[in-house]
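Chain residues, written in single-letter form:
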Amino acid sequence: MKKFFLMAVAALTLTFTACTEGANDEASALVENLQSQIEAGDASGVQATLESAQAKIAELVAKDPEAAKTYVTKVQEFVKENQEKIISLVGDNAVAQGLVTTLVNTPAETVINTLTAGQNVIDNAQQAAEGLQDSLQNTVNQAIDDKVNEVQDAVEEKVNATIDEANQKANEKINEAADKANEKINDAASEAAKKLGL
């Protein structure tokens, strides 16, 4: 049991290390990309790279907050060192300036916590929306079932009333025919009795 526990801990450590190293590698690639864009004076490239960094941070926060923290820390170091160059390149672009300001002034832990809280709000809202959708679907299904039952009851009532009315009319016709037949039989019997002199 102890051996199994140690193996599980080792596997978790390797997984954690791999995730953190992967985030570190991705951050290094992003930093290199930003460096070459700054050197080339590519303002739109810098802006796009910063926006992709923001998306990557959000993605990592959802999967592995510790890896996200590693990523943010590495990107922050570069942005802090190159803040003036980046701001001069992106100019009046409010989105890019906001990203730079956030990365320079906000500790990595705060960035991660804020995004985690935001993700939790999104998840909770999504669950609430799914619950509301299920509730509405159940209400609609119940309303449809009630209406179908109401229509079936009305149809059944109408059919039964029609059958009763048809039976009543048929019985009236049968009784009328029977009365006429009896009357004819009685007339015929009376006529026969007269002929016989009875």
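A. Quick peek at the overall build of the chain. Helix and strand counts for the chain stand at 6 helices and 0 strands. Each helix (α) and strand (β) of the chain, taken in turn from the N terminus, gives the series α-α-α-α-α-α. Per-residue burial over the chain gives 19% buried out of 198 residues. Long-range contacts, defined here as pairs at least 24 residues apart, represent 70% of the contacts in the chain between residues at least 6 apart. Surface exposure of the chain reaches about 13,900 Å², of which carbon and sulfur atoms provide 56%.

B. Structural view of helix H5 (residues 94-105). Relative to the 16 Å expected for 12 residues at 1.5 Å per residue, H5 spans 16 Å between its end C-alpha atoms, a close match to the ideal helical length. What H5 keeps buried is the set Ala96, Leu99, Val100, Leu103 and Val104. Buried residues of H5, viewed axially, fall in a sector of 125 degrees; they line one side. More than 90 degrees from the buried face of H5, the exposed residues found are Ala94 and Asn105. Residues of H5 that are buried in the fold lie against helix H2 (43-63), helix H3 (65-81) and helix H4 (83-90).

C. Region of the structure containing the environment of Ser36. Along the chain, the position of Ser36 falls in helix H1 (residues 2-40). The spacing of Ser36 and Val46 is 10 residues in sequence and 9.3 Å in space, taken between C-alpha atoms.

D. How the structure looks around the packing of H3 against H5. The N-to-C vectors of H3 and H5 enclose an angle of 110 degrees; their axes lie 8 Å apart at closest approach. If you check the angle between H3 and H5, you find them roughly perpendicular. Contacts from Val75, Gln76, Val79 and Lys80 of H3 reach H5 at Val100, Thr102, Leu103 and Val104. Each residue belonging to the contact of H3 with H5 can be placed in one class, and the counts come to 5 nonpolar, 2 polar and 1 charged.

E. A nonpolar patch on the surface, seen in detail. A cluster of nonpolar side chains, Val151, Val155, Val159 and Ile163, forms an exposed patch at the surface whose accessible area comes to about 310 Å². If you trace the backbone, Val151 turns up in helix H6 (residues 108-196). We classify Val151 as partly exposed; its relative accessible area is 45%.

F. Fine view of a negative patch on the surface. Taken together, the side chains of Asp179, Glu183, Asp187 and Glu191 define an acidic patch exposed on the protein surface. Position of Glu191 relative to the elements: it lies in helix H6. For Glu191, a relative accessible area of 43% gives the class partly exposed.

The rules behind each value
- Residues numbered from 1 in each chain as written.
- Predicted model: local features only at pLDDT ≥ 70, side-chain atom pairs only at ≥ 80, totals over all residues.
- Heavy atoms only, no water.
- Helix = DSSP H or I, 4+ residues; strand = E, 2+ residues; numbered from the N terminus.
- Buried < 20%, exposed > 50% of the residue type's maximum accessible area, 1.4 Å probe, protein only.
- Contact = heavy atoms within 4.5 Å.
- Areas by Shrake-Rupley, 256 points an atom, 1.4 Å probe, with all protein chains shown as cover.
- Expected span 1.5 Å × (residues − 1).
- Arc of directions from axis to C-beta.
- Axes fitted to C-alpha atoms, helices over the stretch in contact; angles between N-to-C directions.
- Parallel < 35°, antiparallel > 145°, perpendicular 65-115°, else oblique.
- Nonpolar A, V, L, I, M, F, W, Y, C, P; charged D, E, K, R; others polar.
- Patch = residues over 30% accessible without salt bridge, like charges linked within 9 Å, V, L, I, M, F, W, Y side chains within 5 Å.
- Salt bridge = Lys/Arg side-chain N within 4 Å of Asp/Glu carboxyl O.
- Lys, Arg positive; Asp, Glu negative; His and termini not counted.
- Charge placed at Lys NZ, Arg CZ, Asp CG, Glu CD.

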